[in-house]
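Coordinate inspection notes
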Amino acid sequence: MIDLRSDTVTQPTDAMRDAIANATVGDDVYQDDPTVNALLGHVCELTGMAAAAFFPSGTQSNLAGIMAHCQRGDEYIVGQDAHTYRFEGGGAAVLGSIQPQPLPHAADGTLPLEAIEAVIKPYDIHFPQTRLLALENTWGGRVIDQHWIEQACELAHAKGLMTHLDGARLFNASVATGQAVKTLCAPFDSVSLCLSKGLGSPQGSVLAGSQEVIDAAIRWRKMLGGGMRQSGMMAAAGLHALEHHVERLAEDHHNAQQLAEGVADIKELRNVGAATNMVFFELDASRRAGLQAHLEEQGIQAFVGPRTRLVTHIGISPEDIETVVAAFRRYFAE
Ligand SMILES: *Cc1c(COP(=O)(O)O)cnc(C)c1O
């Protein structure tokens, strides 16, 4: 199967499986798993952060980060279509008693600075206390303008807020722009990085930040049920991915570009575009189920919806892209 549903569908490579099998492990709740500690040291170096912790998922890493910054009754400012707001079950509100203050995104994924400033609440017993600005990069595959990120974080800090980055796909942003991960992380007090997206690990995210923030997040992680024991096996996969699967993200970006170019002139597809490892298009509702079934018959998995997203990853080759483009062309030629 050619699976374009997400970059979470990857299979570990043989070399990654060897790294997992041969990992030296300990008990990470006692913080003495040497492989987890090696991963965390590597991430601290990459991000320029003082401390880090390993999490079972990006959802939990984001949640523990938000909970480390905000107390019950505080609020965090977040994009209306950000993962932490829309796709994490409302965990900050449900489990943290932290109210989100969502803002609509501009077309480029940024949030207007005036809009951010306008929702930062002054101290008043009627208001929740605004504590945190949470941003995301990449967002819907798009690299967010780093100059805007710097301005937004500067504004937040000037108003006494903390800043958190959901960097689930930050390595894609780094590879796409040539900017160092450390540069992309510099404006933030905490950063969550996924190892299980384009990096191709079976599991795991890392939260990085100051020692104080990470100490608090580790306590929340325990409470959330994310304290893991011999998690060095998964950390070994993550370390392997950081060593071998970062530069190759450029191939995923190239494949996405090739796919978008290959279908761009199909007149039924509207707003076709590629952004890092994602391709988007729109299609009339009457053709969607037919396209999805046709692709399935050709061994291609995709979620075809109002705005379809196809995602490239380590399991997709240039030949696969040719197969997909040909399948699209056949369907619309009929
Ligand atoms: C995948 C993802 C996460 C975390 O998801 P998990 O599936 O919980 O690891 C967070 N933010 C974004 C933008 C993501 O794409």
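Residues numbered from 1 in each chain as written. Predicted model: local features only at pLDDT ≥ 70, side-chain atom pairs only at ≥ 80, totals over all residues. Heavy atoms only, no water.

With that settled, the discussion passes to the pattern of salt bridges. Summed over all chains, the structure comprises 13 salt bridges. Aspartate 3 is the salt-bridge partner of arginine 5, the closest N and O atoms lying 2.6 Å from each other. The residue aspartate 265 makes a salt bridge to arginine 329 at a minimum N-O spacing of 3.0 Å. Highlighted residues: aspartate 265 in the loop between helix H12 (249-263) and strand S9 (270-275) and arginine 329 in helix H14 (residues 318-333), separated in sequence by 64 residues. Overall, the relative accessible area of 36% leaves arginine 329 in the partly exposed class. Each of Lys267, Glu268 and Arg287 takes part in one network of salt bridges that share partners. (Salt bridge = Lys/Arg side-chain N within 4 Å of Asp/Glu carboxyl O. Helix = DSSP H or I, 4+ residues; strand = E, 2+ residues; numbered from the N terminus. Buried < 20%, exposed > 50% of the residue type's maximum accessible area, 1.4 Å probe, protein only.)

Among the six residues of strand S6 (residues 162-167), five are classified as buried, and the element is accordingly described as predominantly covered. Looking at chain direction, strand S5 (residues 129-136) and S6 are connected through five bridges and run parallel. Bridged to leucine 132 within S6 is methionine 162. The β-α-β motif built from S5, the intervening helix H7 (residues 146-158) and the parallel element S6 has right-handed crossover chirality. Looking at chain direction, S6 and strand S7 (residues 190-194) are connected through four bridges and run parallel. (Pairing = 2+ DSSP bridges. Right-handed = clockwise from strand over helix to strand, strands pointing away.)

Below, the discussion takes up a negative patch on the surface. Taken together, the side chains of Asp108, Asp145, Glu150 and Glu154 present a region of like negative charge at the surface. On the basis of relative accessible area, glutamate 150 is assigned to the partly exposed category, the value being 35%. (Patch = residues over 30% accessible without salt bridge, like charges linked within 9 Å, V, L, I, M, F, W, Y side chains within 5 Å. Areas by Shrake-Rupley, 256 points an atom, 1.4 Å probe, with all protein chains shown as cover. Lys, Arg positive; Asp, Glu negative; His and termini not counted. Charge placed at Lys NZ, Arg CZ, Asp CG, Glu CD.)

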